[in-house]
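This is what each chain is made of:
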Amino acid sequence: MQSIPELKTKLPGVGTTIFTVMSQLALDHDAVNLSQGFPDFDGPAELLDGVSHYLHHGRNQYAPMAGVPSLREALAKKVQSLYGPDVDPDTEITITSGATEALFCALSVVVRPGDEVIVFDPAYDSYDPAVTLNGGRTIHLPLTAPDFRIDWNRVEASLGARTRAIVLNSPHNPTGSVLRGEDLQALRALASRHEFFLISDEVYEHIIFDGVAHESLLRYEDLLPRSFVISSFGKTYHTTGWKIGYCVAPKALSEEFRRIHQFVTFCSNTPVQLALADFLSAHPEHYLTLPDFYQSKRDLFCRLVAPSRFRLKPSAGTYFQLLDYSEISDLDDVSLAREFTVREKLASIPVSVFYDDPPEQKLLRFCFCKDDATLARGAEILCRL
Ligand code: PMP
Ligand code: GLN
């Protein structure tokens with residue numbers, strides 16, 4: 001009999017992601033799927049045509065490792081005009097296979113065995129495994145109720161000799177909170193006193209509401225030398241399945257980032273990058289339409305759900321809306337999300353899964369990047385409960 005080595009998981013406690021679990025359950029039960037965050041409508045036709053054009057005109061081989069130059073150049077212009085800094089497209093921007101790859105590479109650059117990384121709970125689920133796989137440990141700090149803000153005094157008290165990085169996410173998934181100017185001032189003050197890298201997950205940078213400006217780390221010259229700023233075309237162009245993201249970081253950090261990126265994927269797919277470059281250059285106003293586009297979806301969903309027994313939490317950005325179900329059920333959120341999907345045919349995401357130590361709260365996350373008719377069907381179910 002052959003024997004093979006014993007397999008011991010490097011990610012104990014990690015199962016299949018909640019997004020996969022809930023979307024599959026929604027499919028199995030033919031439920032309205034307001035769980036996993038993806039639009040049920042297409043991106044701009046001209047962009048889709050662009051991909052088709054490049055697919056049919058021989059642009060189907062490897063892209064340059066750091067990304068198609070025209071895309072990096074278009075991004076450098078966008079960064080300059082939106083946030084101010086002159087970033088060098090040759091040395092400071094890397095195109096990745098989704099923001100997920102960029103987050104993994106950035107965390108792999110900075111985290112060494114024994115290092116600590118601060119994340120804020122509820123935290124997007126890809127940060128912790130990337131830290132763990134690199135031998136680090138996450139320090140989970142709660143965002144404080146009721147509006148899910150960072151307690152900067154607590155951050156400072158948690159910084160120690162082992163602290164290597166802080167992961168920020170604004171607009172924030174799953175709560176929809178956003179960093180404000182005063183948060184950035186507190187962060188800059190901390191950065192002037194302590195050594196740490198910053199990994200800033202800004203995939204929802206254009207999905208921010210009520211006239212509030214996105215506080216990109218790219219706006220702050222003093223933070224740039226220590227920052228990896230990560231975003232995703234999937235959110236901006238309603239094309240989550242294309243998995244193209246990018247990382248902006250100073251030359252020294254980008255060099256290390258690319259050293260890892262080249263052995264994770266080497267490069268991301270060519271025709272999509274070429275089409276994104278054309279579209280971004282031809283229609284720089286497109287991403288500027290996103291706040292209004294998604295704010296009207298948020299407002300529609302909230303208006304339709306208002307008569308229900310759910311309590312709406314504020315959503316200042318992202319395409320997620322938290323609903324408090326305390327008046328409806330005593331069940332925990334994981335059980336209730338499952339029950340609603342199977343019995344009521346409406347899928348959502350339980351929020352407790354994004355916590356290391358979930359607090360006493362009864363929250364489900366609903367995704368509103370859906371056709372108005374889908375939102376109306378979802379809201380109708382919620383109003384019956
Ligand atoms: N960060 C956050 C907060 C997200 O919601 C997502 C969405 N999937 C990602 C990162 C990953 O983005 P991508 O699909 O481009 O990998
Ligand atoms: N970011 C998406 C969400 O929050 C899902 C991404 C994924 O499925 N990995 O729903």
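Structure first, text after, so check above.
Draft legend 1. Focus on empty space enclosed by the protein. Within the structure shown, the criterion is met by three cavities of 30 Å³ or more. The calculated volume of the largest cavity comes to roughly 180 Å³. The wall of the largest cavity is formed by 20 residues, among which Phe-120, Leu-143, Ile-150, Asn-169 and His-172 lie closest to the centre. Only β3 (116-121) and β5 (163-169) provide two or more residues apiece to the lining of the largest cavity. No other element matches the three residues that β5 contributes to the lining of the largest cavity. For the lining of the largest cavity, the per-class residue count stands at 13 nonpolar, five polar and two charged. There is about 50 Å³ of room inside the second largest cavity. In terms of lining residues, the second largest cavity is bounded by Lys-78, Val-79, Tyr-83, Glu-202, Glu-205, Leu-218, Val-229, Ile-230, Ser-231 and Tyr-246.

Draft legend 2. The arrangement of the side chain of Ser-308 in detail. As for its placement among the helices and strands, Ser-308 is situated in the loop between α11 (290-305) and β9 (311-312). Engagement of the side chain of Ser-308 in a polar contact is seen with the backbone oxygen of Val-305, the distance being 2.7 Å. When near neighbours in sequence (up to four residues on either side) are disregarded, Ser-308 contacts Leu-382 and Cys-383.

Draft legend 3. Fine view of the site of ligand 1. Not every one of the 13 residues close to ligand 1 is listed here, only the nearest: Thr-100, Asp-201, Tyr-204, Ser-232 and Lys-235. Contact distances for ligand 1 include 2.8 Å between an oxygen atom and a side-chain N or O atom of Asn-173. Contact with the protein chains removes 92% of the 390 Å² of surface that ligand 1 exposes when unbound. The cavity where ligand 1 resides is the largest pocket. Ranked by the residues each element gives to the shell around ligand 1, the list is headed by helix α4 (residues 98-110), at four residues. Among the residues making up the shell around ligand 1, the classes are represented as five nonpolar, five polar and three charged.

Draft legend 4. Inspection of the sheet that holds β9 at higher detail. Taken together, four strands build an open sheet; the order of strands is β9-β10-β13-β12 and the sheet is antiparallel. The open sheet has two free edges, formed respectively by β9 and β12 (349-350), since each of these has just one partner strand. Relative to strand β10 (residues 320-324), β9 is paired through two bridges, and the arrangement is antiparallel. Bridging from a neighbouring strand, Arg-311 pairs with Asp-324 of β10. On the sheet, α11 packs against β9, β10 and β13 (363-367) and is oriented at approximately 20 degrees with respect to β10. Sheet strands in contact with helix α12 (residues 333-344) are β12 and β13, and its direction is about 45 degrees off that of β13.

Draft legend 5. Up close: the pattern of salt bridges. Summed over all chains, the structure comprises 17 salt bridges. Here Arg-72 and Asp-90 are joined by a salt bridge, their closest N and O atoms 4.0 Å apart. Of this pair, Arg-72 sits in helix α3 (residues 69-83) while Asp-90 sits in the loop between α3 and β2 (93-96); the two residues are 18 residues apart in sequence, bridging distant segments of the chain. Residues joined in a network through salt bridges with shared partners are Arg-112, Asp-115 and Arg-164.

Draft legend 6. Examining the state of the cysteines more closely. Inspection of the entire model under this criterion finds zero disulfides. Cys-367 carries a free sulfur, and the closest cysteine sulfur to it, the one in Cys-369, is 3.2 Å from it.

Draft legend 7. Spotlight on the site of ligand 2. With respect to spatial proximity, the complete set of residues near ligand 2 consists of Phe-19, Gln-36, Gly-37, Tyr-124, Asn-173, Tyr-204, Lys-235, Phe-320 and Arg-365. Gly-37 is positioned with one of its backbone polar atoms (N or O) 2.6 Å from an oxygen atom of ligand 2. At 2.8 Å, a side-chain N or O of Asn-173 approaches an oxygen atom of ligand 2. Protein chains bury 81% of the 300 Å² of accessible surface belonging to ligand 2 in isolation. Cavity membership is defined here by more than half of the atoms lying within 2 Å of grid points; on that basis ligand 2 lies in the largest pocket. Each residue belonging to the shell around ligand 2 can be placed in one class, and the counts come to four nonpolar, three polar and two charged.

Draft legend 8. A look at the sheet that holds strand β6 (residues 197-201). Read across the sheet, seven strands follow the order β2-β8-β7-β6-β5-β3-β4 without closing on themselves; strand pairing throughout is mixed. The sheet is open, and its two edges are formed by β2 and β4 (137-142), each paired on a single side. Across the sheet, the axes of successive neighbouring strands diverge by a mean angle of 20 degrees, strand direction being ignored. Pairing between strand β7 (residues 227-232) and strand β8 (residues 245-248): four bridges, direction antiparallel. Among the inter-strand pairings, Ser-232 is bridged to a residue of β8, identified as Gly-245. Sitting on the sheet, helix α9 (residues 251-264) touches β2, β6, β7 and β8, and the angle it makes with β2 is about 25 degrees.

Draft legend 9. Representation of α3. When the terminal C-alpha atoms of α3 are compared, their 21 Å separation across 15 residues agrees well with the 21 Å that a helix rising 1.5 Å per residue should span. Taken together, the buried positions of α3 are Leu-71, Arg-72, Ala-74, Leu-75, Ala-76, Lys-78, Val-79 and Tyr-83. The inward-facing, buried residues of α3 contact β2, α8 (233-236), β8, α9 and α10 (270-282). Just downstream of α3, Gly-84 is the residue with a positive phi angle, here 110 degrees.

About the cut-offs
Residues numbered from 1 in each chain as written. Chains lettered and ligands numbered in written order. Predicted model: local features only at pLDDT ≥ 70, side-chain atom pairs only at ≥ 80, totals over all residues. Heavy atoms only, no water. 1 Å grid on protein atoms, 1.4 Å probe; cavity = no way out; pocket = protein on both sides within 12 Å on 5 of 7 lines; lining within 4 Å. Points joined across faces, edges and corners; volume = space filled by probe spheres on them. Helix = DSSP H or I, 4+ residues; strand = E, 2+ residues; numbered from the N terminus. Nonpolar A, V, L, I, M, F, W, Y, C, P; charged D, E, K, R; others polar. Polar contact = N/O pair within 3.5 Å; in protein donor to acceptor, adjacent residues only side chain to side chain. Contact = heavy atoms within 4.5 Å. Near = heavy atom within 4 Å. Areas by Shrake-Rupley, 256 points an atom, 1.4 Å probe, with all protein chains shown as cover. Sits in = over half its atoms within 2 Å of the grid points. Pairing = 2+ DSSP bridges. Axes fitted to C-alpha atoms, helices over the stretch in contact; angles between N-to-C directions. Salt bridge = Lys/Arg side-chain N within 4 Å of Asp/Glu carboxyl O. Disulfide = S-S within 2.5 Å. Expected span 1.5 Å × (residues − 1). Buried < 20%, exposed > 50% of the residue type's maximum accessible area, 1.4 Å probe, protein only.

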